[in-house]
Amino acid sequence: MSTSTPEGSRSSDDHCTPDALLHSAPSRDISPEDLVMAAGRDVTPKTLDWARRKLETEGHAAIEKLLP
């Protein structure tokens, strides 16, 4: 028995949200602390150094990889 919805029975209101609207990363400048917390790590001198290096090499994309 199939559980999929037949094409003919979908509401005209059904649609997919464009990917660009699903991102939750901040639009402002990203601090090393932001990156550390987004990675689920504790803010320590070691993780802040990691975040600074990552931001220097990857820029804003560093946090985009962590936050959808």
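Residues numbered from 1 in each chain as written. Predicted model: local features only at pLDDT ≥ 70, side-chain atom pairs only at ≥ 80, totals over all residues. Heavy atoms only, no water.

**A closer look at the overall build of the chain**
Stated formally: Secondary structure elements follow DSSP: runs of H or I no shorter than four residues count as helices, runs of E no shorter than two count as strands, and numbering proceeds from the N terminus. For the exposure calls, accessible area comes from a 1.4 Å probe over protein chains only, and a residue counts as buried if that area is under 20% of its type's maximum, exposed if over 50%, partly exposed in between. Note on areas: Shrake-Rupley with a 1.4 Å probe; residue coverage comes only from the protein chains shown.
A count of helices and strands for the chain gives three helices and zero strands. Seen in sequence order, the chain has helices and strands lined up from the N terminus as α-α-α. Buried positions account for 19% of the 68 residues belonging to the chain. Put simply, the chain shows about 5400 Å² of open surface, and 53% of that area lies on carbon and sulfur atoms.

**With respect to the environment of Val43**
One can find Val43 in the loop between helix H1 (32-38) and helix H2 (45-58). Sequence separation of Val43 and Glu33 is 10 residues, and the distance between their C-alpha atoms is 6.6 Å.

**Some details on the confidence of the model for the chain**
Regions with low pLDDT carry predicted coordinates that are not meant to be interpreted in detail. Our working definition: Confidence of the predictor in every single residue is expressed as pLDDT, which spans 0 to 100.
Overall, the predicted model of the chain reaches an average pLDDT of 78, with 63% of residues at or above 70. Ranking the helices and strands of the chain by mean pLDDT puts H2 first, with 96, and helix H3 (residues 61-64) last, with 86.

**As for the nonpolar core**
This is how it is decided: Working definition of a nonpolar core: buried Ala, Val, Leu, Ile, Met, Phe, Trp, Tyr and Cys residues. They are joined through side-chain atoms within 4.5 Å.
Core analysis: the largest hydrophobic core is formed by nine residues, namely Ile30, Leu35, Val36, Leu48, Trp50, Ala51, Leu55, Ala62 and Ile63. Put simply, the parts of the chain that give this core at least two residues each are H1, H2 and H3. If one sorts the elements of this core by residue count, H2 sits on top with four residues.

**What about H2?**
Condition: What a helix is expected to span follows from its residue count: subtract one and scale by 1.5 Å. When we speak of the arc, we mean the arc of directions from the helix axis to the C-beta atoms. We call two residues in contact when some of their heavy atoms are within 4.5 Å.
With 14 residues, H2 extends 20 Å from end C-alpha to end C-alpha; this agrees with the ideal 20 Å at 1.5 Å per step. All of the buried residues along H2 are Thr47, Leu48, Trp50, Ala51 and Leu55. Here the buried residues of H2 occupy an arc of 155° about the axis, which is enough to place them on one side. Exposed side chains of H2 directed beyond 90 degrees from the buried face belong to Pro45, Lys46, Glu56 and Thr57. Where H2 is buried, its residues contact H1 and H3. In the segment just after H2, Gly59 is the residue with positive phi, at about 65°.

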